[in-house]
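Commentary on secondary and tertiary structure
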Amino acid sequence: MKNNFDKIFAKIEKGKRISFKEGTLLFKDGSLAEMGFYAQKARYRLHRKNVVTYIIDRNINYTNICQTKCSFCAFYRNDKDKDAYTLKIEEVLEKIDETVQLGGSGILLQGGHNPRIPFSYYIELLNAIRKNFPQIHIHAFSPPEIVFFAKNFKMSIIEVLKKLKKAGLMSIPGGGAEILSTKTRSKIAPRKATAQEWLEVMEIAHKLKIPTTATMMFGTCESDEEIVYHLDLIRNLQDKTNGFTAFIPWTYQKGGKAKIEAEKTPYTKYLKVLAFSRIYLDNIKNIQASWLTQGLDIASVALHFGANDVGSVMIEENVVREAGCFNMTNEHELRKMILNSGFIPQKRTTLYKIIKT
Ligand code: SF4
């Protein structure tokens, strides 16, 4: 066993790619301390400077009505529920106006799969944002939403993406990936876009020069092999398209309406997944720590386990809040945490360009 790890560590040390088999072995039996040590080596190969980036943006959920009803989701509502909503375009614009006042450079626009919204809503929404806030980056519609649009409006995925891009879509969030394995997906999100469809949307988006992020939600009922498999699928697609800007792993938040029974993921497992992601995804530049699901203290430790980015200050967030996760921060606190962890904080855009301040 020791020899196997020595060979794997020697490869990581030299910047060589580890195979799926080696990755599975390392992820299952490697120690957290060693994983963190080698993740930092991989991190400093890609980011020579001691900089940790963050962004100021707002997560706007345009509707919480969703017909897909994933069992891990605490956010969705039925259209007859008292607190079901769909934002008017003017309401979205008001939220963006507040975001601009607070120094935000982008918005993340995502929502439930609401069959009552016509396709024209999305086009008009993007057009209105473009017209009123040309300085704002529009990061919108995760792959399951794109698949839903394609099925609901009887269009191909490429058609949907071309129309959204023409209307102002600039990049796509990697949400809805959960675990890209049929076994777990069929338990936690059986009606959602399949793993294959998620990958297909990303591949087409990259070919259309729409950059995207990639995510993974773990801590429900997946196996260690499925985690490595998920990363392997993303690494393979990135080899083909080079369209992923970042990878963001985060843990399942049990609470509210979320129905999956699972123990809270220990922070040691979170750090292990994060560090392993940095090692395995040698072709994705940025790995993001999730202060939102882990809190600022663990996010601070995560900066020593391969993460080079702490994501967004998040002026607004509704999805994990519905599951009872109330972590909050502001720019001052986030910068202080980065400095106290031994790094230099730098504000960035959605596409990871440094904003000079
Ligand atoms: S995770 Fe997304 S698709 Fe699934 S129920 Fe919630 S809002 Fe709908």
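The structure under discussion appears in the preceding block.
Residues numbered from 1 in each chain as written. Predicted model: local features only at pLDDT ≥ 70, side-chain atom pairs only at ≥ 80, totals over all residues. Heavy atoms only, no water.

**A word on the site of the ligand**
What surrounds the ligand is the set C66, T68, K69, C70, F72, C73, Y76, H113 and K192. Taken atom by atom, the bulk of the ligand overlaps the largest cavity. Considering only residue class, the shell around the ligand consists of five nonpolar, two polar and two charged. (Near = heavy atom within 4 Å. 1 Å grid on protein atoms, 1.4 Å probe; cavity = no way out; pocket = protein on both sides within 12 Å on 5 of 7 lines; lining within 4 Å. Sits in = over half its atoms within 2 Å of the grid points. Nonpolar A, V, L, I, M, F, W, Y, C, P; charged D, E, K, R; others polar.)

**Some thoughts on the packing of helix α10 (residues 224-241) against helix α11 (residues 267-280)**
Two elements in contact, α10 and α11, have axes whose closest approach is 11 Å; the angle formed by their N-to-C orientations is 35 degrees. The crossing of α10 and α11 is right-handed. Between α10, through D224, I227, V228, L231, D232 and R235, and α11, the contact on the second element is made entirely by K269, V273, F276, S277 and Y280. Partitioned by chemical class, the residues of the contact of α10 with α11 number six nonpolar, one polar and four charged. (Axes fitted to C-alpha atoms, helices over the stretch in contact; angles between N-to-C directions. Helix = DSSP H or I, 4+ residues; strand = E, 2+ residues; numbered from the N terminus. Left-handed = near helix turned anticlockwise from the far one by under 90°. Contact = heavy atoms within 4.5 Å.)

**Brief notes about the pattern of salt bridges**
Throughout the structure, instances matching the rule amount to 17 salt bridges. Among the salt bridges present, the one from D83 reaches R77, with a minimum N-O distance of 2.8 Å. For R77, a relative accessible area of 8% translates into the label buried. Between E197 and K151 there is a salt bridge; the shortest N-O distance is 3.0 Å. A residue pair is termed long-range when its members are at least 10 positions apart, and E197 in helix α9 (residues 195-207) and K151 in helix α6 (residues 143-152) qualify at 46 residues. (Salt bridge = Lys/Arg side-chain N within 4 Å of Asp/Glu carboxyl O. Buried < 20%, exposed > 50% of the residue type's maximum accessible area, 1.4 Å probe, protein only.)

**What about unusual backbone geometry?**
Note: most residues except glycine have negative phi, and most peptide bonds are trans. Phi at E178 takes a positive value of approximately 45 degrees, unusual for a residue other than glycine. Along the chain, E178 falls in the loop between α7 (157-167) and α8 (182-188). With relative accessibility at 4%, the residue E178 sits in the buried group. A positive phi angle is found at N242, which is not glycine, with a value near 55 degrees. For N242, the position within the fold is in the loop between α10 and β6 (244-251).

**Quick word on the sheet that holds strand β1 (residues 51-55)**
Here we have three strands laid out as an open sheet, ordered β8-β1-β9, and parallel in their pairing. Every other strand in the sheet has two partners, leaving β8 (309-312) and β9 (344-347) as the edge strands with one partner each. With direction set aside, neighbouring strand axes in the sheet form an average angle of 20 degrees. Where β1 lies against β9, four bridges are found, and the strand directions are parallel. Each bridged residue has a counterpart across the sheet, and for Y54 the counterpart in β9 is K347. (Pairing = 2+ DSSP bridges.)

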